[in-house]
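These are the residues of each chain, in order.
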Amino acid sequence: MEVTARAPGKIILAGEHAVVHGYTAVASSIDLYTVFSIRLRSEDDDTVKLKLNDIGLDFSWSVRRIKEVLSHLGSPFSSTPTSCSLETIKSLATLVDEQSFPETKIGLASGVYAFLWLYTSILGFKPATVTVSSELPVGAGLGSSAAYCVSLSAALLALSDSVKLDVSQKGWSMFNESEAELVNKWAFEGEKIIHGKPSGVDNSVSTFGNVIKFKSGVMTRVNSNMPLRMLITNTKVGRDTKALVANVSARKSRHPDAMCSVLNAIEAISDEWSTIIQSHAVDDLYLSANEEKLRELMEMNQGLLLSIGVSHASIENVLQTSMKYKLASKLTGAGGGGCVLTLLPTHISGEVIDKLVEELGSFGFQSFTAGIGGKGVQISFDHSS
Ligand SMILES: Nc1ncnc2c1ncn2[C@@H]1O[C@H](COP(=O)(O)OP(=O)(O)OP(=O)(O)O)[C@@H](O)[C@H]1O
Ligand SMILES: C[C@@](O)(CCO)CC(=O)[O-]
Ligand SMILES: [Mg+2]
């Protein structure tokens, strides 16, 4: 039997970085998925194989070697989500180094540590072949790390004794609330290995889907009543969430009062965002007035993100270009490159969007739209093999 889990990426509508420091963010799932498949191998086949299709890397460990390297942990199986210690990360790094990880891709190694931690913690030392592929750009602000950790945790839990699923179900099925909560908590432990200090917003929106508000580790569902359309532009400038989050924290300790004021302002923007999208548009006039308010909020949020040091020349280029079309944009996710959102109001013509996409393309950027606010993590079982 093969178990497959898919988890969506996300866009942060308002409040990235502020949310790491306990201020509110608003985020939505998007219909681009990371998919993990796990096929258990026979017990005498002593290997765990990991195929990372998006980054073109394959690993194969013998179960005996994994046990040897993690022997200091005793039994790593745990029914409750547990953090990976620094000492254990060092052991996991040994396992990864032994597979001669290419130097040019070393920034991606933490994803493999997260895999090994979640795998051994949830499933123990079972031999298996694990494959991952994603529709999300990796490391571009659309929550690829969270979708990776959520889909991995979901597939592993589906094979564990911790959740009892109906494996005879055909097609995609959902976890119940408490199972999803468990998936989310394990995914958060994986995010910690990749991000350093994640707020938990990304894994929560990937697990539960739709639109959420998130503050100090607490998620509230937002019932969006507004048709939201965003153009997502990938600047293709590589960045790393862990480093950007650490830079903001360092700036906060250098200028605590100024940073507090900025983060409070960002929180006010997030709160207004959630109020606006929950309101029912009584007519077109009301809808355009709300779209105009969101446009202004995005402009302000972006200005504040620039002031905390997470914008980038490529992001500013997208802003300037969309401004020519009277459209507002803001970075999404950690910034420093990656993806930028441009709000597409309902009245905008397809011709204008095409022109904007073409102009953005001339800088080497890639623009696309995605469905906003769909379902969270899902699971499916294939008995054909
Ligand atoms: N499909 C994948 N295959 C392998 N590794 C992945 C994949 N998706 C994510 N990762 C891991 O996640 C890391 C990227 O996470 P990072 O948090 O920096 O970016 P992001 O999640 O795409 O953006 P943001 O956190 O701003 O939303 C990669 O370096 C890699 O370790
Ligand atoms: C930058 C950040 O706020 C969002 C990344 O998508 C980090 C986090 O919340 O963990
Ligand atoms: Mg991430």
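Here the structure is a predicted model, which means the values were calculated and not measured. (Residues numbered from 1 in each chain as written. Chains lettered and ligands numbered in written order. Predicted model: local features only at pLDDT ≥ 70, side-chain atom pairs only at ≥ 80, totals over all residues. Heavy atoms only, no water.)

Draft legend 1. Looking closely at the pattern of salt bridges. Overall, the coordinates contain 14 salt bridges when judged by the stated rule. A salt bridge links Arg39 to Glu2, with the shortest nitrogen-to-oxygen separation between them at 3.0 Å. Remark: Glu2 occurs in strand E1 (residues 2-14) and Arg39 occurs in strand E2 (residues 25-40); sequence separation between them is 37 residues. For Glu299, the salt bridge identified is with Arg295, shortest N-O distance 3.1 Å. One end of the pair is Glu299 and the other is Arg295, both in helix H9 (residues 284-307) and 4 residues apart, which spans about a single turn. (Salt bridge = Lys/Arg side-chain N within 4 Å of Asp/Glu carboxyl O. Helix = DSSP H or I, 4+ residues; strand = E, 2+ residues; numbered from the N terminus.)

Draft legend 2. Structural context of the coordination of the magnesium ion (ligand 3). Surrounding the magnesium ion (ligand 3) are the protein donor atoms Ser145 (OG) and His195 (NE2), at 2.1 to 2.3 Å. Here His195 lies in helix H5 (residues 177-195) and Ser145 lies in helix H4 (residues 144-159), a separation of 50 residues in the sequence. Assigned by exposure class, Ser145 and His195 land together as buried. (Donors = N, O, S within 2.8 Å, 3.2 Å for Na, K, Ca; no water. Buried < 20%, exposed > 50% of the residue type's maximum accessible area, 1.4 Å probe, protein only.)

Draft legend 3. Molecular detail of the site of ligand 2. Taken together, 14 residues lie near ligand 2, and Lys10, His17, Pro198, Ser199 and Asp202 sit nearest. Those elements that provide at least two residues to the shell around ligand 2 are E1 and helix H6 (201-208). Considered class by class, the residues forming the shell around ligand 2 number 7 nonpolar, 4 polar and 3 charged. Built from parts of two domains, the shell around ligand 2 gets at least three residues from each of domain 1 (2-220 + 373-382) and domain 2 (225-369). (Near = heavy atom within 4 Å. Nonpolar A, V, L, I, M, F, W, Y, C, P; charged D, E, K, R; others polar. Domains from an automatic or database assignment.)

Draft legend 4. Here's a closer look at the site of ligand 1. Near ligand 1 there are 25 residues, and of these Lys10, Gly143, Ser144, His195 and Arg239 occur at the shortest range. At a separation of 2.6 Å, an oxygen atom of ligand 1 approaches a polar side-chain atom of His195. Contributing elements (two or more residues each) for the shell around ligand 1: helix H3 (109-123), H4 and H5. When the residues that make up the shell around ligand 1 are grouped by side-chain class, the tally is 9 nonpolar, 12 polar and 4 charged. Inspection of the shell around ligand 1 shows a minimum of three residues originating in each of domain 1 (2-220 + 373-382) and domain 2 (225-369). (Polar contact = N/O pair within 3.5 Å; in protein donor to acceptor, adjacent residues only side chain to side chain.)

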